Amino acid sequence: MSQSLAEKFYFYMKLGRELEIRAKEEYTKGNIGGFLHLDIGQEAVSVGAVFGFGKGDLFCPYREHVLALARGMDPKLIMAELFGKITGVSKGKGGSMHLYEPKLDFYGGNAIVGAHLPHAVGAAYARKYMGEKAGVLAIFGDGATNGGSFFESINLAVVWEVPVLFLCENNFYAIGTRIDRVSAFRDIYLKAKDYMPALQVDGMDVFAVYEAVVNAKKYLEDYGKPYFIEAITYRYEGHSMADKGDYRSPREIETFRKKDPIENLKNKAMQMGWLTPEQIRMMDEKIAQIIEEAVEFALNSPEPDLEELYKDIYCGVCADVIP
Ligand SMILES: Cc1ncc(C[n+]2csc(CCOP(=O)(O)OP(=O)(O)O)c2C)c(N)n1
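Residues numbered from 1 in each chain as written. Predicted model: local features only at pLDDT ≥ 70, side-chain atom pairs only at ≥ 80, totals over all residues. Heavy atoms only, no water.

## Quick word on the pairing of strand 2 (residues 136–141)
- With 5 of its 6 residues buried, strand 2 lies for the most part within the structure.
- Here 6 bridges tie strand 2 to strand 3 (residues 164–170), and the two strands are oriented parallel to one another. Each bridged residue has a counterpart across the sheet, and for Val136 the counterpart in strand 3 is Val164.
- Note that the unit made of strand 2, helix 6 (residues 148–159) and strand 3 has a crossover that is right-handed. (Buried < 20%, exposed > 50% of the residue type's maximum accessible area, 1.4 Å probe, protein only. Helix = DSSP H or I, 4+ residues; strand = E, 2+ residues; numbered from the N terminus. Pairing = 2+ DSSP bridges. Right-handed = clockwise from strand over helix to strand, strands pointing away.)

What follows is the structure in structure tokens.
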């Protein structure tokens, strides 16, 4: 069990990291424009959460590349979306913050901080109403927990008794603002503790995140009510490509780099005999090839036609009625 999980976790965390390292490079070459928020350092939360949750709808913030990969989105479609190409998962019209694939129950990528939390509550209400048990996973940053939509969402989730797992990635910063300057609570889970079961987990340890989410998912399924997890993590890069992140001390960054989630997993897996150096080498090779193919695919894909501007704006009946 631990062996196959370790393999899966390593593969997706490393794939996520390499995809983002390459995306950063392509951004500086001018092949990617607009916003680009990297998850580097936070991969254990994304991968542990998606695999721990299993079946169910996902509502994500704009830092969602690794979440999408773990959910099964094709790296080629992700890279093409970052490049703004028509072959991208959102036809090149969304970019980095708007990866979206209903076939994977992956409902974004949302650029507005905390805006997806009410969506998640609504979706969970609908699923429960239809007699489905799976529930909904809503992921967001610590900054989002200072906004009204967060408190409205946790409140309604309790009042309506809907199965949402609220998972906060606490990386201590909302852009350049450190948590203690804007939040009355440094431990974010305390904001939800009086509403629902709420706990804190080491977000640099993929097994810890996975286990916590598996337990939470069981609670959602058994009781049909919400649950809260705060994962303590860190982003190594700036908030986005426009931010160097130099408001943080080198010592602070170094402290978290020493807890690197991928290195830690690798060392633990080798110590425990779950993975051999040869298996890791083979996965690394495969990942390098996947990234290369994704970039080739994105580079060789066309941009959307101008008429695409008028498509995918209205849905269903409106699309037929409104020219
Ligand atoms: C409603 C809203 N207010 C402000 C912004 C500008 N903004 C973009 S990201 C961000 C910080 C959010 O921080 P956090 O929720 O901790 O997520 P992280 O970037 O750390 O993953 C802000 C304030 C926004 N996009 N939406």
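## Overview of unusual backbone geometry
- Backbone geometry places Lys91, a non-glycine residue, at a positive phi of 60°.
- For Lys91, the position within the fold is in the loop between helix 4 (75–82) and helix 5 (116–129).
- We note that Asp312 has phi near 65°; this positive angle belongs to a residue other than glycine.
- Within the secondary structure, Asp312 is located in the loop between helix 11 (277–300) and helix 12 (316–321).

## Considerations on the pattern of salt bridges
- Applying the stated rule across the entire model yields 22 salt bridges.
- Two residues, Lys24 and Glu237, come together in a salt bridge whose shortest N-O distance is 2.8 Å. Taken together, the positions of Lys24 in helix 1 (residues 2–28) and Glu237 in the loop between strand 7 (227–232) and helix 9 (250–257) put the pair 213 residues apart, joining distant regions of the chain.
- Residue Asp312 pairs with Lys91 through a salt bridge whose shortest N-O separation is 3.2 Å. Placement of Asp312 in the loop between helix 11 and helix 12 and of Lys91 in the loop between helix 4 and helix 5 is noted, with a sequence separation of 221 residues between them.
- Taking relative accessible area as the criterion, Asp312 reaches 54% and is therefore assigned exposed.
- Through salt bridges with shared partners, a single ionic network connects Lys91, Lys93, Glu307, Glu308, Lys311 and Asp312. (Salt bridge = Lys/Arg side-chain N within 4 Å of Asp/Glu carboxyl O.)

## A short note on the nonpolar core
- Ranked by size, the top nonpolar core spans 95 residues in total, and within it Phe9, Leu165, Phe166, Phe228 and Ile229 carry the most contacts.
- Here the element with the most residues in this core is helix 1; it accounts for 9 residues.
- In contact with Ile229, not counting residues within four places along its chain, are Leu165, Phe166, Leu167, Cys168, Leu199, Val201, Ala212, Val213 and Ala216. (Core = buried A, V, L, I, M, F, W, Y, C linked by side-chain atoms within 4.5 Å. Contact = heavy atoms within 4.5 Å.)

## Overview of the environment of Met79
- Topologically, Met79 is positioned in helix 4.
- As for Met79 and Leu19, which are separated by 60 residues in sequence, their C-alpha atoms are 8.1 Å apart.
- Once residues lying within four places of it in the same chain are set aside, the contact partners of Met79 are Leu19, Arg22, Ala294, Val295 and Ala298.

## Observations concerning the pairing of strand 6 (residues 198–202)
- Of the pairings in the sheet, the one linking strand 6 to strand 7 comprises 5 bridges and is parallel in character. Looking at the pairing, Val201 lines up with Ala231 of strand 7.

## Observations regarding the packing of helix 1 against helix 10 (residues 261–271)
- One way to put it is that helix 1 packs onto helix 10 with a least axis distance of 10 Å and a crossing angle of 150°. Comparing their axes, helix 10 and helix 1 come out roughly antiparallel. By crossing handedness, the relation of helix 1 to helix 10 is classed as left-handed. Residues Ala6, Phe9, Tyr10, Met13, Lys14 and Arg17 of helix 1 lie in contact with helix 10, whose contacting residues are Pro261, Ile262, Leu265, Lys266 and Ala269.
- Of the residues contributing to the contact of helix 1 with helix 10, the split by class is 8 nonpolar, no polar and 3 charged. (Axes fitted to C-alpha atoms, helices over the stretch in contact; angles between N-to-C directions. Parallel < 35°, antiparallel > 145°, perpendicular 65-115°, else oblique. Left-handed = near helix turned anticlockwise from the far one by under 90°. Nonpolar A, V, L, I, M, F, W, Y, C, P; charged D, E, K, R; others polar.)

## Things to note about helix 10
- Within helix 10 the residues assigned to the buried category are Pro261, Ile262, Leu265, Lys266 and Ala269. Angular distribution of buried residues about the axis of helix 10 spans 130°; they occupy a single face of the element.
- Buried residues in helix 10 make contact with helix 1, helix 2 (43–53), helix 8 (206–223) and helix 11.
- Two or three places before Ile262, at the start of helix 10, stands the capping residue Asp260, its side-chain oxygen 3.0 Å from that residue's backbone nitrogen.
- Phi turns positive, to about 75°, at Gly273, one or two residues after helix 10. (Arc of directions from axis to C-beta. Polar contact = N/O pair within 3.5 Å; in protein donor to acceptor, adjacent residues only side chain to side chain.)

## Notes on the site of the ligand
- Around the ligand, a shell composed of 14 residues is seen, among which Tyr62, Arg63, Gly143, Asn171 and Tyr173 lie nearest.
- One nitrogen or oxygen atom from the main chain of Ala111 is found 3.1 Å from a nitrogen atom belonging to the ligand.
- A distance of 3.0 Å separates an oxygen atom of the ligand from a polar atom in the backbone of Tyr173.
- When the free accessible area of the ligand is taken as 590 Å², the share hidden by the protein chains comes to 70%.
- A molecule is said to occupy a pocket when more than half its atoms come within 2 Å of that pocket's grid points, and by this definition the ligand occupies the largest pocket.
- Among the residues forming the shell around the ligand, the class breakdown is 8 nonpolar, 4 polar and 2 charged. (Near = heavy atom within 4 Å. Areas by Shrake-Rupley, 256 points an atom, 1.4 Å probe, with all protein chains shown as cover. 1 Å grid on protein atoms, 1.4 Å probe; cavity = no way out; pocket = protein on both sides within 12 Å on 5 of 7 lines; lining within 4 Å. Sits in = over half its atoms within 2 Å of the grid points.)

None of this, on its own, says anything about what the molecule does.
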